[in-house]
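Coordinate analysis (summary)
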Amino acid sequence: MSTDSIIVLSAFIVYLLMMIIVGIVSMKKTNSTEDYFLGGRGLNSWVAALSAQASDMSGWLLMGLPGSVYALGTGQAWVAIGLFLGTVANWLLISKRLRRYTIVANNSLTLPEFLENRFHDKKRILLCISSIVIVIFFLVYTASALASGGKLFNTVFGVDYHVALAIGAGVILTYTFLGGFLAVCTTDFIQGTLMLIGLLVVPIVAYGFVSGDFASNLALTGVNYDDYMSLFSNGGEAYSAVDILSQLAWGLGYCGMPHILVRFMAVKNEKELKKSSVIAIVWVFISLVMACVIGIVGRAFLAPAVLDEVSSESVFIELINQVFNHKLALPFVGGLFLCGILAAIMSTADSQLLVCASSVSKDIYKNVAKPDASDQTVLKVSRLTVVVVALLAFFIAWDPDSSVMALVSDAWAGLGSAFGPIVVCSLFWKRTNVAGAVAGMISGGLTVIIWDYLPIMDGKTIGSATGVYSLLVGFMISLICIVTFSLLTKKPSSEIEEEFERVKIGKEIS
């Protein structure tokens, strides 16, 4: 291993040890399931905002999105535009009412528990369905994060992909297992800050080396400058309205992401929540813009070489290596920026592990299988679940050619379609009932599975054949089913309606 590689490795080791220390310190403050899953509802505005957005963006922000822009051009930014609009709507419309409603709904600690309490579902149908949906799609989502980590270590250090996969999974597993939600949010705050610094510094420095030859360098890679820089061109071909709508539809997923929604539930009070919304929206805007810039600048900087379809997701890694290791001879600084990619990966994987753990231990084990289980027993089951889910995700991510973008896309669509419409309706439509909620979750989740996984159109999936993103279809079908089944069945009880009105017009609920 070269001297530069050893220096970069030292930066990684320092960073990883710091994350584990946070887990150990947080473990001392984790004494109950409310501490483990919601941090005792004590997050301040900065931690809530950065942990929510860092857990949201994942390795996709620094690998998937820059990679797609690098390969196909600025037109891929429609995904970023949709996500930004979804982020704004989530913080301004969903966050306050959800936090308030989860307290009114018997101090719900998880999204499945909130849905059960919101609709007074005594049969616990909603709890079981929502928990199953979470485990299925979060396995895929966690696998995408672990795959990102494997590619990072493989590209930077030449470590075998599978060994790299094991290293990343081991560290994430350690601090999530120990410290729960508090450890996850604290590390996410650190990781969100590191991600933002990397997103700002690296492309700006890289552009400084190619600014005078930017257009000519792009031409050397075989792309037409005007097409590549156009929002309405996708790999040299004109975007259709369906393409644009499908990419904007990514924003619909926000209101159905349990690992993001749980941050709203955990904020200290509504005053802190208001501050969080401003911080989060600014962070997301800067991050999405600069992630797209990385793809564009990376194409010009690395010219005339062109990364293939698989390795294009490593454009940010290549950019850091070339700029800081070779041109500026600052390998330790480059190592810290590479840690920003690791931060993006870890900040999502840890949150997904925790949400899966809460669904299995709190929603299924405690609320269905063993209602008399003690708090400490549930905590032990939670930690065991974190281990099992991490192992399953590890095997899903085993293929080194798996696409981070594709894995994230499928998981995002499944969660967004199953939960997004029912979260919106449960918060804003009083007439929603259990039948509508069940129909919405099942129809949304199944639509995505059928659309993305079953090759029923001449050997292709419907998504591949039509080019329409499954989230757009699944969200609409779920919404239609919620409204239809709610109107065709018995309206909610007066007690449920009174709780709805209390949340709607009430003062702040602590």
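Below or above, wherever it landed, is the structure these notes cover. Here the residue numbering is sequential within each chain, running from 1 through the sequence in written order. In view of the model being predicted, local features appear only for residues whose pLDDT reaches at least 70, and side-chain atom pairs are presented and counted only at 80 or more, with totals across whole chains, interfaces and linings using the full set of residues. Values shown for side chains rest on all heavy atoms present in the structure; no hydrogens or waters enter the calculation.

**A few points about the packing of helix 4 (residues 77–104) against helix 10 (residues 241–248)**
Contact geometry for helix 4 and helix 10: axes closest at 7 Å, N-to-C directions at 45°. By the angle class used here, helix 4 and helix 10 are oblique. Here W78, V79, I81 and G82 of helix 4 lie close against helix 10, whose contacting residues are I244, Q247 and L248. All amino acids are sorted into three groups, where Ala, Val, Leu, Ile, Met, Phe, Trp, Tyr, Cys and Pro are nonpolar, Asp, Glu, Lys and Arg are charged, and the leftover types, Gly among them, are polar. Its residues assigned to classes, the contact of helix 4 with helix 10 shows 5 nonpolar, 2 polar and no charged. Every axis corresponds to a line fitted to the C-alpha atoms, with the helix fit spanning only the stretch in contact, and the corresponding angles, defined between N-to-C directions, vary from 0 to 180 degrees. A helix here means a DSSP run of H or I that spans at least four residues, while a strand means a run of E at least two residues long, and both kinds are numbered starting from the N terminus. Convention used here: angles under 35 degrees read as roughly parallel, angles over 145 as roughly antiparallel, angles from 65 to 115 as roughly perpendicular, and any remaining angle as oblique. Throughout, a residue-residue contact means that at least one pair of heavy atoms, one from each residue, lies within 4.5 Å.

**What about the pattern of salt bridges?**
When a carboxyl oxygen of Asp or Glu is within 4 Å of a side-chain nitrogen of Lys or Arg, the pair counts as a salt bridge. Under the counting rule described, the total for this entry stands at 5 salt bridges. Close ionic contact of K275 with E272 constitutes a salt bridge, the shortest N to O distance being 3.6 Å. Taken together, the residues span about one helical turn, with K275 and E272 both in helix 12 (residues 270–301) at a distance of 3 residues. Assessed through its relative accessible area of 39%, K275 is described here as partly exposed. Here E501 and K430 are joined by a salt bridge, their closest N and O atoms 3.0 Å apart. With E501 in helix 20 (residues 494–505) and K430 in the loop between helix 16 (404–428) and helix 17 (434–453), this residue pair connects regions lying 71 residues apart in the sequence. Accessible area is worked out with a 1.4 Å probe on protein chains only. A residue is then buried under 20% of its type maximum, exposed over 50%, and partly exposed in between.

**Structural notes on helix 4**
In a regular helix each residue adds 1.5 Å, so 28 residues correspond to 40 Å; helix 4 covers 39 Å between its end C-alpha atoms and thus fits that length. At I94, helix 4 is bent by approximately 45°, the largest bend along its length. In terms of burial, helix 4 is largely enclosed, as 20 of its 28 residues are buried. Backbone geometry just downstream of helix 4 places N106 in the positive-phi region, at approximately 60°. Each helix should span, by expectation, one fewer than its residue count multiplied by 1.5 Å. For a residue, the bend is simply the angle between two axes, fitted respectively to the seven-residue segment ending there and the seven-residue segment starting there.

**A short note on unusual backbone geometry**
Here the amide bond leading from A303 into P304 is cis, since omega sits at 5°, within 30 degrees of zero. Among the secondary structure elements, P304 is positioned in the loop between helix 12 and helix 13 (315–327). One non-glycine residue, R124, lies in positive phi territory at about 60°. Examined against the element boundaries, R124 turns out to sit in the loop between helix 5 (111–118) and helix 6 (125–157). Phi angles above zero are rare outside glycine, and D458 is one such case at about 55°. Along the chain, D458 falls in the loop between helix 17 and helix 18 (462–466).

**Details of the packing of aromatic side chains**
Pairs were defined over the aromatic rings of Phe, Tyr and Trp, the Trp ring being its six-membered one, requiring ring centres within 6.5 Å. Orientation was assigned from the angle between planes: stacked under 30 degrees, edge-to-face over 60, tilted for the rest. This model, assessed by the stated rule, comprises 13 aromatic pairs. Aromatic pair W250 and Y469: ring centres 5.2 Å apart, planes at 25°, arrangement stacked. Here W250, found in the loop between helix 10 and helix 11 (258–266), pairs with Y469, found in the loop between helix 18 and helix 19 (470–488); they are 219 residues apart in sequence, far enough to count as distant. Using a relative accessible area of 6% as the deciding quantity, one classes W250 as buried.

**Topic: the nonpolar core**
Counting residues in each nonpolar core, the largest one holds 130 residues, and the members touching the most others are F12, W60, L61, L152, L338, I341 and W412. Per-element accounting of this core gives the leading share, 17 residues, to helix 6. For F12, the contacting residues outside a window of four places in its chain are L152, F153, F157, G335, L338, C339 and L342. Residues grouped as a nonpolar core are buried Ala, Val, Leu, Ile, Met, Phe, Trp, Tyr and Cys residues, joined through side-chain atoms within 4.5 Å.

**Quick look at the environment of S246**
Its place among the elements puts S246 in helix 10. Residues S246 and W78, spaced 168 residues apart in sequence, show a C-alpha to C-alpha distance of 8.9 Å. Leave out the neighbours within four places in its chain, and S246 touches G467, V468 and Y469.

**Considering the environment of G168**
Checked against the element boundaries, G168 lands in helix 7 (residues 161–210). Looking at G168, the relative accessible area reads 13%, which means it is buried. Considering only alpha carbons, one finds G168 and I345, 177 residues apart in sequence, at a separation of 9.0 Å.

Any functional reading would require information that these geometric values do not contain.
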